[in-house]
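# Descriptive analysis of the structure
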Amino acid sequence: MSIPETATPHLLSGVRTKYDKVRGNWVLLAPERAVKLDQIGVAILEETTGSCTFGNILDALSTKYNAPREQISGDVQKFLTSLIDRRMMEVRDVSV
Amino acid sequence: MDAPQPQPTAEITYGPPIAMLAELTHRCPLSCPYCSNPLELTGREGELSTEIWIDVFRQAAELGVLQLHLSGGEPASRRDLEDLITACRAHDLYSNLITSGIGLTEKRLTGLKERGLDHVQLSLQGVDAAMADMIGGYKGGYNRKMDVAKWTTALDLPLTLNAVVHEKNIDRLPETIDMAVSMGARRLEVATVQFHGWADKNRAALMPTREQAKLCGQRVAEARERLKGVLVIDYVPADHHADYPKPCMGGWGSTGLNIVPDGRVMPCHAAHTIPHLVFENVRDTPLADIWNHSSAFNAYRGFDWMPEPCKSCDRKTRDFGGCRCQAMAIAGDAAATDPVCIKSPLHAQLQAQAEADAHADGPLTYRKMPA
């Protein structure tokens, strides 16, 4: 199941990022889970504000990192889907 | 505590702990016959003070703990739970309240959320009042739990339902899963009773049959697929019917630590059953010293301590030789291969005993606080 470009992903309540000073990296904290975030994960979550659509997120990342949209789309889709499957994120899609 | 402190060797690799289980109290209104608390329970007078707990939370955060599980007994039995949640947020620890629900009101839960509580894990003893209250030994417990579940989701706090399963309720797993979904829980833990301590006294009453355990595993696998994106299911199988041991604690002293109500620090909640281990206390020793230098934590860290058949086994990096406490209880040697493993000389005996207990029945021996 893929996320439509018009859908708006957002982190669920009780799911938050934190800079882990001891280990020197960002983590995503959720019920019973701590997910280590790499630079790409951090960059994606910075754009996932809850008011930007998936399409907006791809535009922003493409501009910011000077990378072709079609090249990053798959990775971003995969990352967000993994969070959706783990009940850390949901999407709202007003167009459906 | 002047126990000899072995120095970590190059082979021992461990980082800072990710999670800490704070057993705030052994007091609990319920008396579940499989309680993971020790047979010798600590009374109120032996518990750490609010100030010490708060300082321990600070030390834990500095050490690298990310997740703080507030447990018991029933953590809501502590009147200072509010202050402890405030301290979790002040030290930026992710707080998880592991509760039976008894002792919480809508007002109290709202207050805990305002102070920064991150997540509620609610225990479930059965899918109806008759079963749940019989197992918990507390009349009215089930109805209160249903209220707590409603308040939790209405407050938009993430909810995990923790269903402990055994011979008497394991067949009702489909209803348990439906209940978790209809409550709006995001996670369900299906945890088969682990036969230590109180549960060991109730083997005849609670040991599931091999067929029950197998069906439970199949149902979990089916539900995980069907409910992807709806409900996350974590599963602790019936290890006495398995061929390989569980990766207990993800490896001894590797990722987590446990503080018991009187302040002693242990690698797992049953570690006190290993008689030669000496546990330091947060009243006397800084938490970082305990994590890094405690002889109890270093005893089974890494792989150097392993005898055969674990030492040369290619599964050792996956299951770490299983559960030290189970090895102690059944083999009489905490360094032995977990008798659950097919490579253990005690495997056949363990399975035969599990089979016998599964087909036996007996009265429930409930957990009791000392008079």
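Residues numbered from 1 in each chain as written. Chains lettered and ligands numbered in written order. Predicted model: local features only at pLDDT ≥ 70, side-chain atom pairs only at ≥ 80, totals over all residues. Heavy atoms only, no water.

## What about the side chain of Glu23 of chain B?
Residue and element names in this part refer to chain B. Put simply, the rule reads: For helices the rule is a DSSP run of H or I covering at least 4 residues; for strands it is a run of E covering at least 2, with both sets numbered from the N terminus onward. When a residue's accessible area, from a 1.4 Å probe over protein chains only, is under 20% of the maximum for its type it is buried; when over 50% it is exposed; and in between it is partly exposed. As used throughout, the charge tally considers Lys and Arg to be positive and Asp and Glu to be negative, leaving His and the chain termini uncounted. Throughout this description, the term salt bridge denotes a Lys or Arg side-chain nitrogen within 4 Å of a carboxyl oxygen of Asp or Glu. The contact rule is simple, with two residues in contact once any of their heavy atoms fall within 4.5 Å.
With respect to the element layout, Glu23 can be found in strand S1 (residues 19–23). This buried residue, Glu23, is left without a salt bridge; Arg264 holds the nearest opposite charge, at 8.1 Å. In contact with Glu23, other than residues within four places in its own chain, are Asn37, Trp53, Ser71, Gly72, Asn258, Ile259, Val260, Pro261 and His269.

## Details of the pattern of salt bridges
Think of it this way: side chains of opposite charge can pair up when their charged atoms draw near. In this structure the tally under the stated criterion is 30 salt bridges over all chains. Close ionic contact of Arg78 of chain B with Asp80 of chain B constitutes a salt bridge, the shortest N to O distance being 2.8 Å. Residue Asp118 of chain B is joined to Arg89 of chain B by a salt bridge in which the shortest nitrogen-to-oxygen separation is 2.8 Å. Here the residue Asp118 of chain B occupies a position in the loop between helix H3 (106–114) and strand S4 (119–124), and Arg89 of chain B occupies one in helix H2 (residues 81–90), the gap between them amounting to 29 residues. Its relative accessible area of 3% is what places Asp118 of chain B among the buried residues. Under the relative-accessibility criterion, Arg89 of chain B is labelled partly exposed at 36%. Among the charged side chains, a salt-bridge network with shared partners connects Arg16 and Lys18 of chain A together with Arg89, Asp92 and Asp118 of chain B.

## Considerations on the nonpolar core
Residue and element names in this part refer to chain B. Rules: The term nonpolar core refers to a set of buried residues drawn from Ala, Val, Leu, Ile, Met, Phe, Trp, Tyr and Cys, joined through side-chain atoms within 4.5 Å.
Counting 64 residues, the largest nonpolar core has Met20, Phe57, Leu70, Leu188, Ile259 and Leu287 as the members making the most contacts within it. Here this core gets six residues from one element, more than from any other, and that element is helix H1 (residues 50–63). Dropping the residues within four chain positions of it, Phe57 is found in contact with Met20, Ala22, Leu68, Leu70, Leu84, Ala87, Cys88, His91 and Leu93.

## Observations regarding the packing of aromatic side chains
For any pair of aromatic rings, the description rests on two quantities: the centre-to-centre distance and the angle between the ring planes. Note the following rule: Here a pair means two rings of Phe, Tyr or Trp (six-membered ring of Trp) with centres within 6.5 Å. Their orientation is stacked below 30 degrees between planes, edge-to-face above 60, and tilted elsewhere. Either the NZ atom of lysine or the CZ atom of arginine qualifies as a charge over a ring when it sits within 6 Å of the ring centre and within 35 degrees of the ring normal.
Tallied over the full model, the rule gives seven aromatic pairs over all chains. Geometrically, the ring pair formed by Tyr19 of chain A and Trp26 of chain A is edge-to-face, given 5.5 Å between the ring centres and 65° between the ring planes. Aromatic pair Trp252 of chain B and Tyr300 of chain B: ring centres 5.2 Å apart, planes at 85°, arrangement edge-to-face. Residue Trp252 of chain B is located in the loop between strand S7 (232–236) and strand S8 (256–259), and its partner Tyr300 of chain B is located in the loop between helix H11 (295–299) and helix H12 (316–319); the two are separated by 48 residues in the primary sequence. Grouped by ring-pair contacts, the aromatic residues Tyr14, Trp291 and Phe297 of chain B constitute a single cluster. The aromatic ring of Phe195 of chain B is capped on one face by Arg203 of chain B, whose charged end is 6.0 Å from the ring centroid.

## Observations regarding the packing of helix H1 (residues 39–47) of chain A against helix H2 (residues 54–64) of chain A
All names here are of chain A. Let me state the cut-off plainly: To get an axis, fit a line to the C-alpha atoms, keeping to the stretch in contact for a helix; angles then go from 0 to 180 degrees between the N-to-C directions. Should an angle fall under 35 degrees it is taken as roughly parallel, and over 145 as roughly antiparallel, whereas 65 to 115 is taken as roughly perpendicular and any remaining angle as oblique. For a crossing to be left-handed, the near helix must be turned anticlockwise from the far one by less than a right angle; the clockwise case is right-handed.
Where H1 contacts H2, the axes come no closer than 9 Å and their chain directions differ by 130°. Taken as axis vectors, H1 and H2 run oblique relative to one another. Crossing handedness for the pair H1 and H2: right-handed. Contact with H1, carried on its side by Ala43, Ile44, Glu46 and Glu47, involves Ile57, Ala60, Leu61 and Lys64 of H2 and no other residues of that element.

## Regarding the sheet that holds strand S4 (residues 33–37) of chain A
Residues and elements named next belong to chain A. Rule in force here: For two strands to be treated as a pair, DSSP must find no fewer than two bridges joining them.
Ordered by their spatial adjacency, three strands build an open sheet running S2-S3-S4, and the pairing between neighbours is antiparallel. Strand pairing shows two members of the sheet lacking a second neighbour, strand S2 (16–20) and S4, which therefore form its edges. Each strand axis lies, on average, 30° off the axis of its neighbour in the sheet, ignoring direction. Examined bridge by bridge, S2 and strand S3 (residues 25–30) share five bridges and lie antiparallel to one another. Of the residues in S3, the one forming a bridge with Tyr19 is Trp26.

## Points about the sheet that holds S4 of chain B
Residue and element names in this part refer to chain B. The strand order across the open sheet formed by nine strands is S7-S6-S5-S4-S3-S2-S1-S8-S9, and the pairing between neighbours is mixed. Edge positions in the sheet fall to S7 and strand S9 (265–266), since each of these pairs with one other strand and no more. As paired strands, strand S2 (residues 67–71) and strand S3 (residues 94–99) are joined by four bridges and run parallel to one another. What sits directly across from Leu68, in S3, is Ser95.

## Points about unusual backbone geometry
Of all residues except glycine, most have a negative phi; of all peptide bonds, most are trans. The peptide bond linking Gly72 of chain B to Gly73 of chain B adopts the cis configuration, its omega dihedral lying at 15°. Within the secondary structure layout, Gly73 of chain B lies in the loop between S2 and H2. Cis rather than trans, the peptide bond between Glu308 of chain B and Pro309 of chain B has omega equal to 5°. Here Pro309 of chain B shows up in the loop between H11 and H12. Even without glycine at this site, Asn66 of chain A takes up a positive phi of about 50°. By relative accessible area, which is 71% here, Asn66 of chain A ends up exposed.

## Observations regarding the interface of chain B and chain A
Put simply, the test is: Accessible area that two parts lose when put together, with a 1.4 Å probe and added across both, is what the buried area reports. N or O atoms closer than or at 3.5 Å make up a polar contact, with two conditions inside protein: a donor-capable atom paired with an acceptor-capable one, and, for residues adjacent in sequence, both atoms drawn from side chains. Asp, Glu, Lys and Arg are counted as charged, while Ala, Val, Leu, Ile, Met, Phe, Trp, Tyr, Cys and Pro are counted as nonpolar; the rest, among them Gly, fall into the polar class.
Taken together, the contact pairs 31 residues of chain B with 20 residues of chain A. Summed over both sides, the interface between chain B and chain A buries roughly 2000 Å², with carbon and sulfur atoms accounting for 50% of that surface. Together, Leu66, Tyr94 and Arg186 of chain B form the three largest contributors to the area buried by chain B at its contact with chain A, with a combined 32%. Taken together, the connections running from chain B to chain A amount to four salt bridges. Across the salt bridge formed by Asp234 of chain B and Arg33 of chain A, the nearest N and O atoms sit 2.9 Å from each other. The tally of links between chain B and chain A comes to 15 residue pairs in polar contact (both at pLDDT 80 or more). Ranked by residue count, the leading element in the side of chain B that touches chain A is H1 of chain B, at three residues. Broken down by class, the residue content of the side of chain B that touches chain A amounts to 12 nonpolar, nine polar and 10 charged.

## Here's the deal with H1 of chain B
Residues and elements named next belong to chain B. Quick note on the threshold: Helix span, expected: 1.5 Å multiplied by one less than the number of residues in the helix.
Look at H1: 20 Å from first C-alpha to last across 14 residues, which is about the 20 Å you get at 1.5 Å a residue. Among all positions in H1, only Thr50, Trp53, Val56, Phe57, Gln59, Ala60, Ala61 and Leu63 are buried. Where H1 is buried, its residues contact S1, S2, H2, S8 and helix H10 (287–293). The first or second residue beyond H1 is Gly64, which carries a positive phi of 120°.

Limitation: the analysis is restricted to geometry and does not speak to function.
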